[in-house]
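Summary of the model geometry
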Amino acid sequence: MMRDLREYRRDFPILQVQVNDKPLIYLDNAATSQKPLPVLETLDTYYRTYNANVHRGLHALSEHATSAYEAARRKIAAFINAPKPQEVIFTRNTTESINLVAQAWGRKFLTSDDVVLLTEMEHHSNIVPWQLLSMQIGFQIRYLTVRPDGTLDLSDLDRMLDGVKLLGLTHISNVVGTINPIAQIAAVAHRHGARVLVDGAQATLHIPVDVQALGCDFYAFSGHKTCGPTGIGVLWGKYDILEEMDPFLGGGEMIESVTLEKTTYAAPPNKFEAGTPAIAEAIALGAAIDYLTGIGMARIAEYDELLSSYAVERLGSVPGVRILGTAPQRSSAFAFTVEGIHPHDLSSLLDTHGIAVRAGHHCAQPLGRRLGVPASARASTAFYNVPEEIDALVDALQEVKKVFGYVSP
Amino acid sequence: MSARDLYQELILDHARNPQNFGELEHASAHSHRENISCGDTIDLYLLIEDGRVAEVRFDGQGCALSTASASMMTEAIKGKSLDEVQQLTNHFRSYISGEADDLDAELEDFEAFQGVRQLPARVKCVTLPWVTLADLLGQMGE
Ligand SMILES: Cc1ncc(COP(=O)(O)O)c(C=O)c1O
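These notes cover the structure that comes with them. (Residues numbered from 1 in each chain as written. Chains lettered and ligands numbered in written order. Predicted model: local features only at pLDDT ≥ 70, side-chain atom pairs only at ≥ 80, totals over all residues. Heavy atoms only, no water.)

A separate point is the pattern of salt bridges. Residue and element names in this part refer to chain B. Throughout the structure, instances matching the rule amount to 24 salt bridges over all chains. Note that Asp 13 is salt-bridged to Arg 16, the shortest N-O span being 3.6 Å. Residue Asp 13 and its partner Arg 16 are located together in helix 2 (residues 9-16), separated by three residues, close to a single helical turn. With a relative accessible area of 38%, Asp 13 lands in the partly exposed category. As a salt-bridge pair, Asp 135 and Arg 33 come within 2.7 Å of each other at their nearest N and O atoms. Of this pair, Asp 135 sits in helix 5 (residues 120-141) while Arg 33 sits in strand 1 (residues 29-35), and the two are 102 residues apart along the sequence. Residue Arg 33 is classed as partly exposed on the basis of its relative accessible area, which comes to 31%. (Salt bridge = Lys/Arg side-chain N within 4 Å of Asp/Glu carboxyl O. Helix = DSSP H or I, 4+ residues; strand = E, 2+ residues; numbered from the N terminus. Buried < 20%, exposed > 50% of the residue type's maximum accessible area, 1.4 Å probe, protein only.)

Turning next to the nonpolar core. Counting 150 residues, the largest nonpolar core has Tyr 219, Phe 336 and Phe 383 of chain A together with Phe 113 of chain B as the members making the most contacts within it. Looking at this core element by element, the count peaks at twelve residues for helix 9 (residues 279-295) of chain A. When residues of this core are sorted by domain, at least three fall in each of domain 1 (6-31 + 297-403) and domain 2 (39-294) of chain A. Setting aside chain neighbours within four positions, we find Tyr 219 of chain A in contact with His 171, Val 198, Gly 200, Ala 203, Thr 204, Val 209, Val 211, Leu 214, Val 234, Leu 235 and Trp 236 of chain A. (Core = buried A, V, L, I, M, F, W, Y, C linked by side-chain atoms within 4.5 Å. Domains from an automatic or database assignment. Contact = heavy atoms within 4.5 Å.)

All names here are of chain A. The environment of the ligand is made up of 13 residues, and the closest members are Thr 95, Asp 199, Gln 202, Ser 222 and Lys 225. Within the side chain of Ser 222, an N or O atom sits 2.6 Å from an oxygen atom of the ligand. Take His 224: an N or O atom from its side chain is 2.7 Å from an oxygen atom of the ligand. Contact with the protein chains removes 88% of the 390 Å² of surface that the ligand exposes when unbound. Within the shell around the ligand, the residues separate by chemical class into one nonpolar, ten polar and two charged. (Near = heavy atom within 4 Å. Polar contact = N/O pair within 3.5 Å; in protein donor to acceptor, adjacent residues only side chain to side chain. Areas by Shrake-Rupley, 256 points an atom, 1.4 Å probe, with all protein chains shown as cover. Nonpolar A, V, L, I, M, F, W, Y, C, P; charged D, E, K, R; others polar.)

Interpretation in functional terms is not warranted from these geometric data alone.
Shown next as C-alpha cells:
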C-alpha cells in the first residue's frame with residue numbers, strides 16, 4: 001500500500017465527527033477543504049489577544065495585528081513564489097479576485113474591438129464576470145473547447161489567440177480534475193500580447209504553485225480551499241500591471257490623499273484593499289500556509305497523484321460507474337455517473353453512509369453540456385484522505401446500487 | 001437516516017415505473033421548469049375538459065424523488081376540478097414544508113416523503129413538479 005499522510009489527520013478535529021451515526025468520510029474537498037488546528041487556534045488567539053484594526057491605530061494591538069496581517073501577505077507571496085509581497089492582494093475569494101481583474105483591469109483596458117478568451121471548463125466565476133463586463137463594453141468572448149477526455153483542445157491555439165487581450169483559464173478543473181499546461185499556454189498567449197489570468201482555486205491544496213514558472217500575469221485562489229478560513233482569498237498580479245490598473249472599490253485604506261475634489265490612490269496592494277479587511281482570516285490563511293509548507297507541497301502533490309490513480313482504478317472498476325475525464329495529468333476531483341441513478345439520489349444515499357460528495361453541475365454548466373452530462377456526482381480528495389475512504393466509497397456505491405436497482409425512465 | 005427511510009419502496013416503485021409519463025399531444029396547457037441546482041427538467045401537460053383534469057402527463061429528466069413526486073401528483077390530480085387541484089397544491093405545500101403533519105386521503109402516498117422533509121436541498125426535488133403545476137394553474141387563471 002502507498003505511503004500516505006494519515007499522520008496529519010489528527011490535526012483536523014472535524015475528521016472525528018459522526019454523520020448519520022457513521023464516521024465522516026469527507027470527499028467534498030473541491031467545495032471547501034477542512035481546517036487544521038493551527039488555523040483554528042490562530043483565529044481564536046487573534047480575537048482573544050490582539051484584535052484591532054490594521055494600518056490605522058498607533059497603539060500596540062493595532063501594530064501587532066498589522067504586522068501579523070502583513071506577515072501573512074509575505075507567507076502567501078513565498079507560497080506561490082511571487083517576486084514581491086506587494087503583489088499579493090487580499091480579497092474574499094477566487095470569485096472576488098476574478099471580478100477585481102474584470103473591473104480594475106478589464107474596464108480600463110478592454111474595448112469593443114477586443115477579445116477575451118476563456119475555456120469551456122471554467123467555473124461560472126470565470127465566465128460570468130466577463131459576460132457582465134462584455135454587456136457594458138461589447139468585447140467578444142471566445143472559448144477554447146474541451147475534448148471528450150476532459151483536456152483542452154490546444155490544436156488551434158494560435159488562431160484562437162488572434163486578437164485576444166486576455167486569456168482566463170483554470171489551473172485545475174473542479175469537475176474533471178485536469179491539470180492544464182499553463183506555462184505552455186501562457187507562453188503562446190504572451191506572444192499574441194494577451195494577459196493571462198489563472199484561476200487557481202483547485203490548485204493550491206494539491207500542487208506547488210510557482211507564478212513565475214507558470215508565466216501568468218494574474219493568479220486567483222481561495223483561502224477556504226487551501227485549509228484556511230472562509231472570507232479570505234488572494235489575487236496575485238505582476239506589480240507593473242497592478243500599478244497601471246484602476247482601483248476596485250473606493251473607501252478607506254486605498255487612498256494616498258483625499259480632498260473634496262480628488263483622490264490619489266495608494267500603491268498596490270492597498271489600492272485594491274478598500275475598507276477594513278478580513279484580518280483574522282488573512283492571518284489564519286498565513287497559518288494554513290505554514291501548515292501546508294510544513295508538510296511540503298511537493299510531498300502533498302506526490303501523494304495526491306497516488307491517491308488519484310488509486311481512486312480512478314477503484315471507482316472505474318465498479319460496473320455502471322463512469323468517470324468523466326481521463327486526462328493523463330489530473331488532480332483529485334472525480335466527477336462520475338452511475339448508470340440508472342441520478343446524482344442527487346446518489347449523493348443522498350452516500351450521505352446515509354456518512355460519505356460527503358457533491359452532486360449537480362458543479363458550477364460548470366458549459367463543461368457538463370460539452371461532455372453531455374448535465375449533472376454528475378463528484379468525489380474530491382485532499383492529502384488527509386486515505387485509501388480506505390476510497391474503498392468505503394466503492395463499497396457504498398455497491399450498496400446503493402442494491403437499494404436502487406432502478407433504471408431511469 | 002438510513003437509505004431505506006429516505007427511499008421507501010413506494011418511491012422507488014414510482015421512480016422505476018412512473019405513471020402518466022410522456023408527452024401529451026392535445027394538451028390544453030403545458031409548462032416547463034428546471035431545477036437550477038442540478039439542471040433537472042420537467043414538462044407538465046394538462047388536458048382540461050369541463051373544468052376538470054381529463055388527462056395529465058409529464059416527462060423530463062429527474063432524480064428518483066422528483067420523478068416519484070411527479071408520478072404521484074399526476075395520479076392525485078387526475079379527474080379533479082381546478083379548484084380541487086389548487087387545494088391539493090396548497091395541502092402538499094403545507095405538508096412538505098412541515099407546517100402540517102397529516103395528509104388527506106388523496107395525498108396519502110406522499111407520506112413516503114416524510115424523511116425528505118428534513119433535507120431542504122432535496123425538498124426542492126419533490127416540490128419541482130408541484131411548482132410546475134402551480135405555473136399551469138396560474139397560466140389558466142389568466
Ligand atoms: C475552479 C474554481 N474556480 C472558482 C471557484 C470559486 O471559488 P469561491 O467560491 O471560493 O470564490 C471554485 C470553487 O467553487 C472553483 O472550483
